Amino acid sequence: MELFNKIRKYSNVRFWFGFAAASIFIVVFSIVAIAAPKGEVELTTGTISDIIEEYDAINNATDYHVIITYSAAGKKYENAEYGSYSYGMKIGDTVEVEYSVEDPTIINAPGSEYIPFVTLIVGAAALIFSIISAKKAIKRSSEDYNEYDRVDLTKIDPAVADEIRSSTEPKNNYFFHFTGKMNQSYALEDENHRMIYEAKLRQFTLIKDSTYEFINHITGASEEMKIGHTVSQSISNGNFGFKVPISSAFKVNGVSNWDYLAEKGFGFQFSMNGIKPCFNVKRYGVDVAYIETTGADVFGEKETKNPLYKLPVNGFFRVECRDSDLDGVFMTCFSIARAVFYEND
């Protein structure tokens, strides 16, 4: 986990240095364009003969190329690209054209001479922003990139931690897995398939938060919660061809799930047991539970030799915990299943 946090910090710093370098290029290019000698220009009128739409899949945007016909210096020019598009333009419209007296084939839309000044301002603002962001990223501790354990140990009452540490309550083995329609609900059962805890999807929405009912079958308590969609952020790692995840979270009643767990005193440390991702759960800094990723045959009951059933799958866990910690441990499992990075790395 510590190494991964350092990698995320390095990638974040590297990203802002790259952003600064690109901003410097824009600033220099704009200054050169402004300083370049301007030839004599004249105005004429052109007619739009075609508007070509071109979809840019990389930026998910549509580019428009306006083709015009115009006359300059006693000669007619056809199939010339105007270099500017405005909403509402259509074939047959007339537009003003600025052309070079020395070479009438060089044209621009009037006002384009101000573009270098605009890009200079944008580039300078981006450069300042990237420098400030890079300084913040350098000063930020790599531990701050750890979303999974945000509990502030300095604010914990030592008596509370000691009480948890000295507890003699036994731990039980449970199994966490997907369930319900479209595997959108979650359940925690014991080895006899007795329901211990569950999160039932009551209302699903594509845009707004979905409604879940969290039910603790040991205490009989239940609570409806609004659960948001998972939002992940990553930063490109340059020429290596992969992205480094920076954050991944969803809202629980309007609060980040990691902050929600921290408010309850819960966090965890990631580790590996062979090929199985594992999670040591802490409550106020004290180890209280262990979560191990299993295969799809979470109960080990399927009579099959298919090795795929043994491969660890996020969302299928063997859980060891005390019943008094079930609320936090179940939400931890729920959070891992929905928002932990490793499944996409």
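Described below are features of the structure shown in this document.

1. Points about the overall build of the chain
Part 1 of the argument: In terms of regular secondary structure, the chain is built from five helices and 18 strands.
Part 2 of the argument: Residues classed as buried in the chain amount to 38% of the 345 residues present.
Part 3 of the argument: By sequence separation, contacts in the chain at least 24 residues apart represent 53% of the contacts at least 6 residues apart.

2. Some remarks on the layout of surface pockets
One way to see where empty space is left: roll a probe the size of a water molecule over the atoms.
Part 1 of the argument: Quantified by volume, the largest pocket comes out at close to 590 Å³.
Part 2 of the argument: Contributing to the lining of the largest pocket are 20 residues, with Lys38, Glu98, Asn108, Ser112 and Glu113 lying nearest its centre.
Part 3 of the argument: Of all the elements in the fold, those that place two or more residues in the lining of the largest pocket are helix H1 (2-35), strand E4 (94-100) and helix H2 (115-139).
Part 4 of the argument: Here the lining of the largest pocket takes five residues from H1, the largest share from any one element.
Part 5 of the argument: Looking at the lining of the largest pocket residue by residue, the classes come out as 10 nonpolar, six polar and four charged.
Part 6 of the argument: If you add up the space inside the second largest pocket, you get close to 260 Å³.
Part 7 of the argument: Along the walls of the second largest pocket sit 17 residues, with Tyr197, Met225, Tyr260, Asp327 and Gly328 positioned nearest its centre.
Part 8 of the argument: Going through the elements one at a time, strand E9 (210-216), strand E10 (222-227), helix H4 (257-263) and helix H5 (326-339) are the ones with two or more residues in the lining of the second largest pocket.
Part 9 of the argument: Counting residues per element, the lining of the second largest pocket draws most heavily on H5, at four residues.
Part 10 of the argument: The residue makeup of the lining of the second largest pocket, split by class, is nine nonpolar, four polar and four charged.

3. Focus on the pairing of strand E15 (residues 266-273)
Part 1 of the argument: Direction of pairing for E15 relative to strand E16 (residues 276-283): antiparallel, over a ladder of eight bridges. Note on E16: the bridge partner recorded for phenylalanine 268 is valine 281.
Part 2 of the argument: Between E15 and E16, which pair antiparallel and follow one another directly, the connecting turn spans two residues, one of which, glycine 274, has a positive phi of 70°.

4. Overview of the environment of threonine 44
Part 1 of the argument: Following the sequence through the fold, threonine 44 ends up in strand E1 (residues 41-56).
Part 2 of the argument: For the pair threonine 44 and glutamate 98, spaced 54 residues apart in the sequence, the C-alpha separation amounts to 6.5 Å.
Part 3 of the argument: Leaving out residues up to four positions away in the same chain, threonine 44 has contacts with Tyr70, Ser71, Val95, Glu96, Val97 and Tyr99.

Each value, and the rule that gives it
- Residues numbered from 1 in each chain as written.
- Predicted model: local features only at pLDDT ≥ 70, side-chain atom pairs only at ≥ 80, totals over all residues.
- Heavy atoms only, no water.
- Helix = DSSP H or I, 4+ residues; strand = E, 2+ residues; numbered from the N terminus.
- Buried < 20%, exposed > 50% of the residue type's maximum accessible area, 1.4 Å probe, protein only.
- Contact = heavy atoms within 4.5 Å.
- 1 Å grid on protein atoms, 1.4 Å probe; cavity = no way out; pocket = protein on both sides within 12 Å on 5 of 7 lines; lining within 4 Å.
- Points joined across faces, edges and corners; volume = space filled by probe spheres on them.
- Nonpolar A, V, L, I, M, F, W, Y, C, P; charged D, E, K, R; others polar.
- Pairing = 2+ DSSP bridges.

Read these as layout, nothing more, since geometry by itself doesn't imply function.
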